[in-house]
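# Coordinate analysis (summary)
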Amino acid sequence: MLGLKLPTDPRWVNIVEKNIEDILTDHAYCEQKATSTAISLIVSFPEYTELVQEMVALVKEEISHFKMVHDKILENGWLLGRDRKDDYVIQLLTFFPKGGSRTTQLVHRLLYAALIEARSCERFRLLSEELEDKELAEFYRKLMVSEANHYTMFLGFARQYGDRKEVDIKWNELLEFEAQIMKDLSKKETIHG
Ligand SMILES: [Fe+2]
Ligand SMILES: [Fe+2]
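Below is a short write-up of the structure. Since the model is a prediction, treat every value here as computed from it, not as a measurement.

## Observations regarding the coordination of the iron ion (ligand 1)
Protein coordination at the iron ion (ligand 1) comes from Glu-31 (OE), Glu-62 (OE), His-65 (ND1) and Glu-147 (OE), with a distance range of 1.8 to 2.3 Å. Given four donor atoms and angles of 90 to 138° at the metal, the environment of the iron ion (ligand 1) is assigned as irregular. All donors of the iron ion (ligand 1) belong to a single chain; written as a sequence motif, their spacing is E-x30-E-x2-H-x81-E. Separating the iron ion (ligand 1) from the iron ion (ligand 2) is a distance of 3.5 Å, and Glu-62 supplies a donor atom to each of them. Note that Glu-31 is positioned in helix H2 (residues 20-44) and His-65 in helix H3 (residues 49-75), a separation of 34 residues in sequence. Exposure class is identical for Glu-31 and His-65. Each is buried.

So, in structure tokens, the structure goes:
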């Protein structure tokens, strides 16, 4: 599933279970960043009409996820905390060299987005299967279903706008790199940490 080269260590769920407030806060910002990424793609690549249309739909969906998570935080009597840096994303975004043609830059951004969606989806699935809190597990199951389409959409756009063969090679290399990053993670109460 999802093409990921290294599955998340299931012990990560035990870390998460001890700190639901932190995971929800981190998760809320993942949804906010997914929204911001979609807006940023519209601004950077306005001539890609089909992409713009899909990104508008995605902005609405991701911000509605943000609200779902925010509501969950409030339900528990907590307040949304401040955002913290996401080591996983920071490391991941170093993979492709900066610059290149507009199409190359677009392909790189689409592949990064596809991978972040794929890993998030994998982790939501793990939470939906392993969390002892059944209500929260169901919350993650629903989110997992709607996130699953995002990874295929981003990868599909990369293949559509770039050279199919080249894109597939880059995607595989990025998956290998991501697996290396993951080896040192799965130790924190964050969605990607
Ligand atoms: Fe989302
Ligand atoms: Fe998403």
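## Observations concerning the environment of Leu-80
With respect to the helices, strands and loops of the structure, Leu-80 is situated in the loop between H3 and helix H4 (87-92). Every residue in contact with Leu-80, bar those within four places of it in the chain, is listed here: Thr-25, Ala-28, Tyr-29, Phe-66, His-70 and Ile-73.

## Quick look at the packing of H2 against helix H6 (residues 134-161)
The description of two packed helices rests on the angle between their axes and on the distance between the axes. Packing of H2 against H6 leaves a shortest axis separation of 14 Å and a crossing angle of 25°. One way to sum up the angle between H2 and H6 is to call them roughly parallel. Where H2 crosses over H6, the two elements pack in a sense that is left-handed. Contacts from Ile-20, Leu-24, His-27, Glu-31 and Leu-41 of H2 reach H6 at Leu-136, Phe-139, Tyr-140, Leu-143, Glu-147 and Phe-154. Here the residues of the contact of H2 with H6 sort into eight nonpolar, one polar and two charged.

## Here's the deal with the coordination of the iron ion (ligand 2)
Distances from the iron ion (ligand 2) to its protein donors, namely Glu-62 (OE), Glu-117 (OE), Glu-117 (OE), Glu-147 (OE) and His-150 (ND1), fall within the range 2.0 to 2.4 Å. All donors to the iron ion (ligand 2) come from one chain, and their sequence spacing reads E-x54-E-x29-E-x2-H.

## Description of the packing of H6 against helix H7 (residues 164-183)
The N-to-C vectors of H6 and H7 enclose an angle of 135°; their axes lie 8 Å apart at closest approach. Classed by the angle they form, the pair H6 and H7 counts as oblique. Counting all contacts with H6, which are made through Tyr-151, Leu-155, Ala-158 and Arg-159, the residues of H7 involved are Arg-164, Val-167, Asp-168 and Trp-171. The residue makeup of the contact of H6 with H7, split by class, is five nonpolar, no polar and three charged.

Thresholds applied
- Residues numbered from 1 in each chain as written.
- Chains lettered and ligands numbered in written order.
- Predicted model: local features only at pLDDT ≥ 70, side-chain atom pairs only at ≥ 80, totals over all residues.
- Heavy atoms only, no water.
- Donors = N, O, S within 2.8 Å, 3.2 Å for Na, K, Ca; no water.
- Tetrahedral: all angles 85-135°; square planar, octahedral: opposite > 155°, others 65-115°.
- Helix = DSSP H or I, 4+ residues; strand = E, 2+ residues; numbered from the N terminus.
- Buried < 20%, exposed > 50% of the residue type's maximum accessible area, 1.4 Å probe, protein only.
- Contact = heavy atoms within 4.5 Å.
- Axes fitted to C-alpha atoms, helices over the stretch in contact; angles between N-to-C directions.
- Parallel < 35°, antiparallel > 145°, perpendicular 65-115°, else oblique.
- Left-handed = near helix turned anticlockwise from the far one by under 90°.
- Nonpolar A, V, L, I, M, F, W, Y, C, P; charged D, E, K, R; others polar.

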